[in-house]
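# Secondary and tertiary structure notes
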Amino acid sequence: ERSQVTVMANKSCQMYYALLSGGSQMPTTQELKAGAIQGNWGYGVVDLVKNSTQPVNINSVTLEELTNYDLYLWLTDYDGAKSSTIRKITFKTPDETPPELVDIIQTDSQETSVKMAYSLNESGTLYYAVVPEGNESFMIYDLDTVEARVKVESGVGASRSGNSTTRAANTSTTFNITGLNSAASGTLGISSYDLYYVVKDAAGNYSSPVQKMNIRT
């Protein structure tokens, strides 16, 4: 993916830029003009028009997630008569990797409740929505859509809904779903429900797609 910076100068000029790993040594103006920037993630020169905003793609290779980078910008006249100081902008790339559900199982059942256990590949929150088995009115969306994920997260229209947070990767976490109806469906006092679930990490990334499993009291 491309990272961008939007710039505007008070006069028409050229802007040299170089993107380096965080904490790298600041390049000199000579290095910027020559493009001799060791270990760069992107560099170049663009023409700027006075008082006009201009987006500039600053990386030539894919950046790593959750990593600090230093962007160096330097403005100079076309004839080199006047130039600015080199300006540094430091930023950190976001987490854009969706979380993954390692496993989820029903571990126990009571007359009106069930106990669930799950684990994730990172810390995150599991959202769930419960409806009687075969209830097709709750989930009207394709399960691999943002609408489906938001539907489960909100729980609107579900018989029961909630969430559980785990703070460590690959660690079994349990939660209880209570208030179920032992005579909702099925026979011999056993009720069957559809459990929809989706995972969301601290950066707001959802697992994909929404999943569904059967649970029984």
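So, a few notes on the structure that sits alongside this text.

Conventions adopted
- Residues numbered from 1 in each chain as written.
- Predicted model: local features only at pLDDT ≥ 70, side-chain atom pairs only at ≥ 80, totals over all residues.
- Heavy atoms only, no water.
- Helix = DSSP H or I, 4+ residues; strand = E, 2+ residues; numbered from the N terminus.
- Rg over C-alpha atoms; globule rule 2.2 N^0.38 Å.
- Contact = heavy atoms within 4.5 Å.
- Areas by Shrake-Rupley, 256 points an atom, 1.4 Å probe, with all protein chains shown as cover.
- Lys, Arg positive; Asp, Glu negative; His and termini not counted.
- Charge placed at Lys NZ, Arg CZ, Asp CG, Glu CD.
- Salt bridge = Lys/Arg side-chain N within 4 Å of Asp/Glu carboxyl O.
- Core = buried A, V, L, I, M, F, W, Y, C linked by side-chain atoms within 4.5 Å.
- Buried < 20%, exposed > 50% of the residue type's maximum accessible area, 1.4 Å probe, protein only.
- Pairing = 2+ DSSP bridges.
- Axes fitted to C-alpha atoms, helices over the stretch in contact; angles between N-to-C directions.

The subject of this paragraph is the overall build of the protein. Within the protein one finds two helices and 13 strands. Compactness check: the protein gives a C-alpha radius of gyration of 27 Å against a globular reference of 17 Å for 217 residues, more than 25% above the reference. Oriented by its inertia axes, the alpha-carbon framework of the protein measures out at about 90 × 30 × 20 Å. Intrachain contacts of the protein at a sequence separation of at least 6 include 68% that bridge at least 24 residues. Of the roughly 12,000 Å² that the protein leaves accessible, carbon and sulfur atoms contribute 46%. Distance between charge centroids for the protein: 9 Å, based on 16 positive and 23 negative side chains.

Quick look at the pattern of salt bridges now. Taken as a whole, this structure holds three salt bridges when the rule is applied. Across the pair Asp 77 and Lys 11 runs a salt bridge whose closest N-O atoms are separated by 3.0 Å. Of the two residues, Asp 77 sits in the loop between strand E5 (68–76) and strand E6 (87–92) while Lys 11 sits in the loop between strand E1 (4–7) and strand E2 (13–21), which places them 66 residues apart along the sequence.

So, on to the nonpolar core. Core analysis: the largest hydrophobic core is formed by 17 residues, its most contacted members being Met 116, Ile 177, Leu 195 and Ile 215. Among all residues touching Leu 195, those that are not within four sequence positions of it are Ile 104, Met 116, Tyr 128, Ala 129, Val 130, Ile 177, Gln 211, Lys 212, Met 213 and Ile 215.

Quick look at the sheet that holds strand E8 (residues 114–120) now. Sheet architecture is open: three strands sit in the order E7-E8-E11, paired in antiparallel fashion. Pairing within the sheet leaves two strands with one partner each, and these edge strands are strand E7 (101–109) and strand E11 (173–177). The average undirected angle you get between the axes of adjacent strands in this sheet is 25°. The pairing of E7 with E8 spans seven bridges and is classified as antiparallel. Across the sheet, the residue bridging to Ile 104 is Tyr 118, located in E8.

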